[in-house]
Amino acid sequence: MAMNLRLRPDAEQALRAEAERSGRSQQEVLRAAVDTYLGIVPVDRADAPEGAGELDRLVAARMVRPPRSPYRRPARRLTLPPDMTTADLLDRDDRL
């Protein structure tokens with residue numbers, strides 16, 4: 001079925017951004033959103049490729065955002081002064 005759809009400016013901007021982010025057309029993004037909303041496609045499998053992992057399914061279902069960058073180790077580790085323990089950090093008098 002063909003139809004015209006008028007979107008609010010903020011919805012239009014969000015649709016364009018999602019289409020650009022995902023590499024899909026705006027039409028594909030809208031179809032997936034309607035299918036998911038109507039329950040035609042189970043949320044845990046919406047837009048996820050065959051054999052996708054848990055993270056891919058959650059991203060496709062828009063339950064989590066995709067990572068911005070891959071995991072990386074911190075440049076340096078923080079250490080406490082010799083006279084301080086982690087318990088000292090938790091037991092503070094200035095907490096509310």
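Residues numbered from 1 in each chain as written. Predicted model: local features only at pLDDT ≥ 70, side-chain atom pairs only at ≥ 80, totals over all residues. Heavy atoms only, no water.

To continue, consider helix α2 (residues 26-38). The end-to-end C-alpha distance of α2, which contains 13 residues, comes to 18 Å, matching closely the 18 Å that a straight helix rising 1.5 Å per residue would cover. Gly39 sits one or two residues past α2 and shows a positive phi near 80°. (Helix = DSSP H or I, 4+ residues; strand = E, 2+ residues; numbered from the N terminus. Expected span 1.5 Å × (residues − 1).)

Turning our attention to the confidence of the model for the protein. With 81% of its residues at a pLDDT of at least 70, the protein reaches an overall mean of 78. Here helix α3 (residues 54-60) stands out as the least confident element of the protein, with mean pLDDT 75; helix α1 (residues 9-22) is the most confident, with 91. (pLDDT = per-residue confidence, 0-100.)

Another aspect to go through is the layout of surface pockets. The calculated volume of the second largest pocket comes to roughly 380 Å³. Lining the second largest pocket we find Met1, Ala2, Met3, Leu5, Leu7, Gln27, Leu30, Arg31 and Val34. Of the residues that constitute the lining of the second largest pocket, the class distribution is seven nonpolar, one polar and one charged. (1 Å grid on protein atoms, 1.4 Å probe; cavity = no way out; pocket = protein on both sides within 12 Å on 5 of 7 lines; lining within 4 Å. Points joined across faces, edges and corners; volume = space filled by probe spheres on them. Nonpolar A, V, L, I, M, F, W, Y, C, P; charged D, E, K, R; others polar.)

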